[in-house]
Amino acid sequence: MTTLEEISSIEDEKLILPPDVNPSALRDAFVELVHTVGAENLQIITSDRIMPDGQGDYFNLPKEHDLFYAMDKNTFLASAIVAPGSVEETSTIVKVANKYLVPLWPVSRGRNLGYGGAAPRIRGSIVVDLGIRMNRVLNVDPKNATALLEPGVSYFDLHNHLQKNGIHHLWIDNPDLGGGSVLGNTLERGAGYTPYGEHFSMHCGLEVVLPNGEIIRTGMGALPGNNTWQLFQYGYGPYHDGIFTQSNLGIVTKMGVWLMPDPGGYQAYHFSFPRDDDLPAIVEVIRDLRLKMIIQNAPTIRNALLDAAVYGPKSQYTSSTEVLTEEEVGEIASKISVGHWNVYGALYGPKPLRDLQWEIVRTAFLTIPGATYRFPEEVDKSSGLSIIHMRDETLKGLPNTYELGWLNWRGPGGSLLGFSPISPTTGEDANKQYQMVKKRFTQFGFDYMGTFVVGWRELHHIVCLTFDKTNPTERRNAHRCISLLIDDAAREGYGEYRTHLCFMDQIASVYNWNGNALLKFNETLKDALDPNGIMAPGKSGIWPARFRGRGFEIVPEEPKL
Ligand code: ADP
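Residues numbered from 1 in each chain as written. Predicted model: local features only at pLDDT ≥ 70, side-chain atom pairs only at ≥ 80, totals over all residues. Heavy atoms only, no water.

S.K.: Can you help me understand empty space enclosed by the protein in this one?
M.R.: Gaps left between atoms show up when a probe the size of a water molecule is rolled over them. Applying the stated rule across the entire model yields six cavities of 30 Å³ or more. For the second largest cavity, the calculated volume is near 130 Å³. If you go around the second largest cavity, you meet 14 residues; those closest to its centre are Asp173, Val182, His199, Val257 and Trp258. Among the elements of the structure, α4 (155-164), α5 (182-187) and β10 (251-258) are those that each provide at least two residues to the lining of the second largest cavity. Residue classes in the lining of the second largest cavity are distributed as 11 nonpolar, two polar and one charged. (1 Å grid on protein atoms, 1.4 Å probe; cavity = no way out; pocket = protein on both sides within 12 Å on 5 of 7 lines; lining within 4 Å. Points joined across faces, edges and corners; volume = space filled by probe spheres on them. Helix = DSSP H or I, 4+ residues; strand = E, 2+ residues; numbered from the N terminus. Nonpolar A, V, L, I, M, F, W, Y, C, P; charged D, E, K, R; others polar.)

Printed below as a string of structure tokens:
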């Protein structure tokens, strides 16, 4: 809530000014925003209104700064948070931003955990929080298994909507945590674990407010009176949806999504593998099964410590504060009845179909010496859920937040920095990635925690670096460790699929084939569509002309170790 009186009474030095904007211009912009969305939907951030450490968490996120800041807390700081209630209001906000050159940073739920949360890349941006008022499920088509959503719809919301409305025959696909936005996760090209887990390929149709405030609909949505916007992804002419993902070319205000019909049967499973060096063999087995679609979904190959962290902090398992050895990880794995590596997957379809699949999957994994398997139904629940029960829910699209446990591996209030390189699905590559990360993590004093999510033809290697943000040395180590890993990975030809605000420039700089041709192309698009450079400057390392060459990029520290 910000009244007009308050806007004029805030002292200049308390305002969080964006580049090129003076206090009076920022105030004028705030006044216009109050006229656009109402006083109750604008929150001005001043230097004394930043959420203190200890108050924020996943359920009560700060929207003005990154909950898990690895650099200084004030690096990625918003000047205000505005909550539009409609596409028209969103468009007006964009026009106001153009008038005063105030950068915007759109978020949907802002729960981009480990990648910066809701915080903007450039200090002083106004966070456009679409999650507060634009959070309706606009339509579900039960026959065609589609939905049309506003940005604020979380996985929990969508699931609850289907249940409340008796649409029990449709499943959703959620990532590890169910509190994020369906639309936001898709725009970040996130993934889930059912056969519909590749979120971008399961979306159908966008409505976008362009950087000049104009509103477009993509695909069939461009045809007035159509009844196929959520049914056919491409429409006519060039296909644009991709340029609105991980980008800064618009604010997406609606998105269509395909829902999975109940497959008529389901069975989750867990294979355990006893040795640290089983990883290559597991990957070799999984590639063939996945490519042939005998495994229909995106299973995960999880390291034991990730499972351990879901149950409790490191101190629950050991008094050691050193990086754990392979033997110690093995001991923890035995304590919690998992393998050193674990495959969590599921079978989808009527029983005769599942029986055939299971025979092939079981036989293939059991060729690895020491492999064992179990089903969730066989594991006692009376003293609490096991990982297999948690994965059982996730793999059938039941949203949850079990995996928040990762955060507290090093103690309560832990922070997370994500590192997510893409690897071919070969044993050799997976092992190379694992060793590369383990080496750097050991150098900086972090335990390796990671999972390989098996996509169609690649592995998303999701590495979770947990650190204590209240300890400046640990923060610095966390930042430096990932920064060095980005270069390590690039030297081996690996690139990340998504990243935290503080690594966007570095990663853009390693995708540099043919003299940075791709970045130049992105800049050409950016300058054509956003000549005033107001839409999420710096997102994915793409800066508008107004910001380029002025030192806003975050470049890795020298020397390389
Ligand atoms: P989630 O809550 O699902 O994790 P966020 O809302 O944090 O997702 O969105 C992740 C990122 O995606 C944001 O930081 C922003 O860069 C981009 N984004 C999210 N929503 C929108 C949107 N509606 N329009 C454009 N970009 C968006």
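Anyway, onward from the coordinates.
S.K.: Sorry, what's going on with the packing of aromatic side chains here?
M.R.: We describe a pair of aromatic rings using the distance from one ring centre to the other and the angle between the two ring planes. This model, assessed by the stated rule, comprises 25 aromatic pairs. Centroid distance Trp341 to Phe452: 6.1 Å. Interplanar angle 50°. Geometry classified as tilted. Placement of the pair is Trp341 in strand β14 (residues 341-348) and Phe452 in strand β18 (residues 450-454), with a sequence separation of 111 residues. Phe452 gets classed as buried once you look at its relative accessible area, which sits at 0%. An aromatic cluster is defined as three or more aromatic residues linked by ring pairs; in this entry it consists of Tyr269, Phe271, Phe273, Trp358, Phe365, Tyr373 and Phe375. Directly above the aromatic system of Tyr58 lies the positively charged group of Arg111, at a separation of 4.7 Å from the ring centroid. One residue, Arg290, lies across the ring of Trp456, its end atom 4.6 Å from the ring centre. (Phe/Tyr/Trp six-rings, centres within 6.5 Å; stacked < 30°, edge-to-face > 60°. Buried < 20%, exposed > 50% of the residue type's maximum accessible area, 1.4 Å probe, protein only. Lys NZ or Arg CZ within 6 Å of the ring centre and 35° of its normal.)

S.K.: Is there a simple way to explain a nonpolar patch on the surface in this structure?
M.R.: Together, Leu231, Phe232, Tyr234 and Tyr239 line one region of the surface with nonpolar side chains, adding up to about 370 Å² of accessible area. Its location among the elements puts Tyr234 in the loop between β9 (215-217) and β10. (Patch = residues over 30% accessible without salt bridge, like charges linked within 9 Å, V, L, I, M, F, W, Y side chains within 5 Å. Areas by Shrake-Rupley, 256 points an atom, 1.4 Å probe, with all protein chains shown as cover. Salt bridge = Lys/Arg side-chain N within 4 Å of Asp/Glu carboxyl O.)

S.K.: What is the right way to read the domain arrangement of the protein chain from this model?
M.R.: The extent of an interface is frequently quoted as the accessible surface area lost upon association of the parts. For the protein chain, the assigned domains read domain 1 (4-129), domain 2 (137-261) and domain 3 (266-501). Computed over C-alpha atoms only, the centres of domain 1 and domain 2 are separated by 26 Å. At the interface, 14 residues of domain 1 touch 23 residues of domain 2. Across the interface of domain 1 and domain 2, roughly 1,300 Å² is buried in total on both sides, 67% from carbon and sulfur atoms. In terms of surface lost to domain 2, no three residues of domain 1 exceed Val87, Ser108 and Arg109, which account for 38% of the buried area on that side. The partner of Arg109 in a salt bridge is Asp157, and the shortest N-O contact between them spans 3.9 Å. Sort the elements by how many residues they give to the side of domain 1 that touches domain 2 and helix α3 (residues 87-100) lands first, with six residues. (Domains from an automatic or database assignment. Contact = heavy atoms within 4.5 Å. Buried area = accessible area lost by both parts, 1.4 Å probe.)

S.K.: Is there a simple way to think about the pattern of salt bridges in this case?
M.R.: Side-chain pairs of opposite charge can arise whenever the charged atoms involved come near each other. Tallied over the full model, the rule gives 38 salt bridges. Between Arg302 and Glu403 there is a salt bridge, and its shortest N-O distance comes to 3.0 Å. Note that Arg302 is positioned in strand β13 (residues 300-303) and Glu403 in the loop between α10 (387-395) and β16 (415-419), a separation of 101 residues in sequence. Given a relative accessible area of 1%, Arg302 falls into the buried group. When its relative accessible area of 3% is taken as the criterion, Glu403 is described as buried. Of the charged contacts, one joins Asp488 and Arg491 as a salt bridge, the two residues approaching to 2.6 Å between their closest N and O atoms. Residue Asp488 and its partner Arg491 are both found in helix α12 (residues 472-491); the two are separated by three residues, about one turn of the helix. Exposure remark for Asp488: the relative accessible area of 10% places this residue in the buried category. Because the salt bridges share partners, they merge into one network encompassing Asp176, Arg302, Asp307, Arg391 and Glu403.

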